[in-house]
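So you can see what is in the structure, the chains are spelled out below.
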Amino acid sequence: MAQYTRVSGSVGLITLQNPPVNALSAAVRQGIVNTVQRALSEPEVKSVVICGQKGAFCGGADIKEFGTNMSGPPLVPMIHAIESAVKPVVAAIEGVALGGGLELALGCHYRIAHSKARLGLPEVTLGLLPAAGGTQRLPRLIGVPAALDLITTGRHVTATEALQLGIVDQITDHNTVDVAVKFALSVAGQSLDSRRISSYPCPRHSDFDALFEAAMQKVHQSARGAIAPVACVQAVRAAATLPYSQGMEREKELMATLFTSGQARALQYCFFAQRAVGRWSMSSGARWDTSKPRPVHKAAVIGLGTMGRGIAVALAQAGLSVVAVETQEKQLIEAKQAVTGMLERGAKRRGVTPALDKITYSPNIQNVADVDLIIEAVFEDMALKEKVFKQLSAVCKPGTFLCTNTSGLDINRLASQTCNPELVVGMHFFAPAHVMKLLEVVYGPRSSPHAVATAMHLGKKIGKVSVAVGNCRGFVGNRMLKPYLEQALFLLEEGATPEQVDQALEEFGFAMGVFRMSDLSGLDVGWRVRKADGLVTSDATTGQQARIRQGHRYSPLGDLLCEQGRFGQKTGRGWYQYDKPGSRVAKPDPWLQNFLEEYRARHGLVVRRIDHQEVLERCLYSLINEGFRILEDGIAAGPEDIDVIYMFGYSWPRHRGGPMFYASMVGLARVLERLEYYHQAHPDVPSLHPSTLLRKLVANGSPPIHKWREVIKKLHSQL
Ligand SMILES: CCCCCC/C=C/CC(=O)SCCNC(=O)CCNC(=O)[C@H](O)C(C)(C)COP(=O)(O)OP(=O)(O)OC[C@H]1O[C@@H](n2cnc3c(N)ncnc32)[C@H](O)[C@@H]1OP(=O)(O)O
């Protein structure tokens with residue numbers, strides 16, 4: 001809706017009313033059309049101000065309406081009518097002017113923004129382009145290079161940057177609506193000929209061809225198969241080369257193909273999934289809206305290896321006081337230097353003062369006695385962690401939350417070392433911990449809802465996308481990764497090369513294929529875990545039997561590489577070769593080719609041709625199948641939790657919507673059929689055996705993803 005009032009005698013004030021962000025729903029668009037008509041027809045009204053209720057101008061089109069039968073007046077003629085008005089229209093921008101919200105403001109003759117406002121055209125992040133004239137007006141206003149940057153990245157700019165770019169005419173620290181009304185009074189009756197952006201020529205550039213070619217190359221490289229950034233470049237090109245009306249036609253045409261695309265559906269799903277994970281629930285029934293977080297002012301990090309350092313930086317940057325503990329003096333000194341450097345570099349990038357004084361360093365675990373929450377980040381070894389938890393439980397004040405940054409160990413076992421197991425949760429950060437957005441908050445059977453709420457709240461405070469998950473080996477992310485890695489190794493045994501597997505996955509949209517990613521993470525990490533699990537044997541037997549461990553098919557390929565000291569990038573050799581240890585450029589390694597040939601011959605494996613489809617199906621469907629088991633087990637509350645974890649922690653391509661959404665797009669029946677096929681071919685691989693939930697969903701007619709929870713609930717009630 002939009003409210004109309006007359007202020008200061010001659011200003012028609014239109015207030016958009018659709019909390020929380022005044023999105024342009026059908027009712028709001030109708031409201032704008034009606035109120036603009038009214039303001040233009042009232043003779044007493046000499047100028048108009050458009051603002052948004054409760055400190056937000058407009059968050060753009062109502063995303064919830066996409067995919068429905070969109071009714072109500074369309075945006076383009078609505079904005080055109082505002083721009084064509086003979087009375088000056090001023091946009092008073094507070095909070096946000098995003099997407100259609102900014103396009104509405106660009107149709108106004110003047111724009112005044114509060115200094116704290118943020119502006120942008122984020123449509124590309126939803127798989128769309130700014131199709132209400134944004135791709136045609138913005139380049140005319142600020143030039144092609146700046147418009148290309150904003151439209152292809154979707155980044156938000158501050159009011160100050162918007163002023164520098166020329167998007168807004170004025171910024172203010174005062175009441176924006178009051179300032180805009182005063183301004184509207186001052187420009188009443190003035191000619192608007194020079195204020196209609198659609199009539200501007202697009203600013204010339206010395207070499208448009210080169211500029212657009214470079215822009216196209218950039219989006220092809222970074223978009224990894226996403227179609228919207230490419231369409232954005234094409235639309236801006238139309239602004240630079242065609243008259244406005246033809247440019248608008250091109251914008252419409254390009255939008256029409258994007259609007260109904262699977263990528264747009266996936267990206268819009270991601271938008272809502274990212275917000276849905278904040279409304280967490282535990283398998284006990286405890287929920288986000290009934291569990292209060294406790295305040296955390298002071299925190300401690302125990303263990304200052306790579307992860308501990310990143311966690312300390314993330315906490316300090318968010319303004320928390322941190323006690324950073326490392327019992328080895330030498331490591332403590334090194335960590336202090338490293339953390340200082342990280343804080344200084346981060347502060348320089350963000351133009352703020354480094355939060356150096358927020359961290360105190362100590363070799364003594366006793367110094368955590370007065371903190372509110374502790375994050376243990378020592379070496380991934382159960383015995384060591386158990387010892388640390390016992391110590392912490394003895395020294396910390398009553399009520400201190402004890403969190404572990406384990407990437408998969410049993411939270412409950414750690415909790416049992418403490419006097420208050422209800423205060424123990426996992427906070428699984430991803431490396432580098434001060435950069436990666438994902439945080440898995442892991443609750444054990446005895447973790448209290450308050451502990452989960454506190455960890456979730458802290459995650460939000462430090463800028464993470466936090467997902468609450470249950471306690472199991474590897475939690476959600478690493479548990480699903482296991483079958484994926486396993487299939488990649490089996491594919492090598494059967495005839496594929498690391499390059500071929502990686503190429504298929506990179507063409508799918510991953511920034512790195514599984515082998516390049518493993519080289520980056522370090523092959524020794526998984527080797528240590530497999531050794532601890534008793535999977536690595538020094539037994540030199542060959543043939544089928546040598547590749548069966550603990551009753552299932554097992555590939556020792558990774559272990560054999562580690563035995564050769566090939567730990568990945570850090571040793572300059574892994575699945576690929578590198579110029580030197582630490583180098584990032586992966587090159588195919590003839591040694592590995594020979595090694596694979598010898599290995600296959602030794603085990604009597606017959607090489608066959610493996611195509612990209614098989615690589616994708618086996619790697620991805622086995623991972624997805626594990627996702628269904630996780631839902632079945634109640635470890636994740638819904639598919640959105642899994643998808644968000646995969647997008648933010650494992651670089652799953654966002655335009656594919658996360659593994660569970662991807663499965664729904666492929667069709668659950670098809671995923672089931674392919675898993676059945678592969679399981680028949682590899683009966684000794686349990687991860688290919690289709691999960692009960694997948695079968696149940698297919699039996700229920702493959703409901704859309706937002707209905708899966710109902711089927712899961714039914715399944716749980718039957719158990
Ligand atoms: C051929 C057909 C032509 C059709 C034309 C289509 C034109 C499209 C142009 C567009 O405008 S597309 C939309 C562009 N806008 C955006 O992408 C903005 C999205 N929103 C945000 O980035 C953020 O929400 C925010 C505005 C920066 C606010 O962030 P904050 O962290 O403060 O709050 P949130 O938790 O994110 O949001 C609160 C609440 O509001 C819901 N919401 C936000 N924006 C929209 C929106 N544009 N439409 C519908 N709903 C929106 C969000 O989902 C939250 O709701 P919840 O229920 O609490 O989860």
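Up top you'll find the structure we're talking about.
Residues numbered from 1 in each chain as written. Predicted model: local features only at pLDDT ≥ 70, side-chain atom pairs only at ≥ 80, totals over all residues. Heavy atoms only, no water.

Draft legend 1. Up close: the overall build of the protein. When helices and strands are counted, the protein shows 28 helices and 19 strands. For 719 residues, the compact-globule estimate of 2.2 N^0.38 gives 27 Å, and the protein sits close to it at 28 Å. Considered along the principal axes of its C-alpha atoms, the protein spans approximately 95 × 60 × 55 Å. When the 719 residues of the protein are sorted by exposure, 56% land in the buried category. Sequence-distant contacts in the protein: of pairs separated by 6 or more residues, those separated by 24 or more amount to 72%. Working note: accessible area of the protein is about 30300 Å², and carbon and sulfur atoms make up 54% of it. Here the protein carries 79 positive and 65 negative side-chain charges, and the mean point of each set is 4 Å from the other. (Helix = DSSP H or I, 4+ residues; strand = E, 2+ residues; numbered from the N terminus. Rg over C-alpha atoms; globule rule 2.2 N^0.38 Å. Buried < 20%, exposed > 50% of the residue type's maximum accessible area, 1.4 Å probe, protein only. Contact = heavy atoms within 4.5 Å. Areas by Shrake-Rupley, 256 points an atom, 1.4 Å probe, with all protein chains shown as cover. Lys, Arg positive; Asp, Glu negative; His and termini not counted. Charge placed at Lys NZ, Arg CZ, Asp CG, Glu CD.)

Draft legend 2. Focus on unusual backbone geometry. Cis geometry is adopted by the peptide bond preceding Pro 20, which originates at Pro 19 and carries an omega value of 5 degrees. Relative to the assigned elements, Pro 20 resides in the loop between strand E2 (11-16) and helix H1 (26-41). Going from Ala 431 to Pro 432, the amide bond is cis rather than trans, its omega being -10 degrees. Structurally, Pro 432 can be placed in the loop between strand E15 (424-429) and strand E16 (438-443). Unusually for a residue other than glycine, Arg 224 sits at a positive phi of about 45 degrees. You can see Arg 224 is positioned in the loop between helix H8 (208-223) and helix H9 (228-241). Since its relative accessible area comes to 31%, Arg 224 is described here as partly exposed.

Draft legend 3. Quick peek at the nonpolar core. Ranked by size, the top nonpolar core spans 102 residues in total, and within it Val 368, Val 501, Trp 575 and Phe 628 carry the most contacts. Among the elements that take part in this core, helix H23 (residues 612-632) stands out by supplying 9 residues, more than any other. Those residues in contact with Phe 628 that lie beyond four places of it in its chain are Met 660, Leu 668, Ser 691, Leu 693, Leu 694, Leu 697 and Trp 708. Listed in part, the 73 residues of the second largest apolar core include Ala 105, Leu 128, Ala 146 and Ala 159. (Core = buried A, V, L, I, M, F, W, Y, C linked by side-chain atoms within 4.5 Å.)

Draft legend 4. Looking closely at the site of the ligand. As a structural note, the neighbourhood of the ligand is formed by 23 residues, with Gly 59, Ala 61, Ile 63, Gly 100 and Arg 275 the closest of them. Taking Arg 275, its side chain carries an N or O atom lying 2.6 Å from an oxygen atom of the ligand. Arg 279 places a side-chain nitrogen or oxygen 3.1 Å from an oxygen atom of the ligand. Here the ligand, which alone exposes 1100 Å², has 72% of that area covered by the protein. Every element with two or more residues in the shell around the ligand is listed here: helix H10 (244-259) and helix H11 (262-276). Considering every element that reaches the shell around the ligand, the biggest residue donor is H11, with 3 residues. Residues of the shell around the ligand, tallied by class, amount to 13 nonpolar, 4 polar and 6 charged. (Near = heavy atom within 4 Å. Polar contact = N/O pair within 3.5 Å; in protein donor to acceptor, adjacent residues only side chain to side chain. Nonpolar A, V, L, I, M, F, W, Y, C, P; charged D, E, K, R; others polar.)

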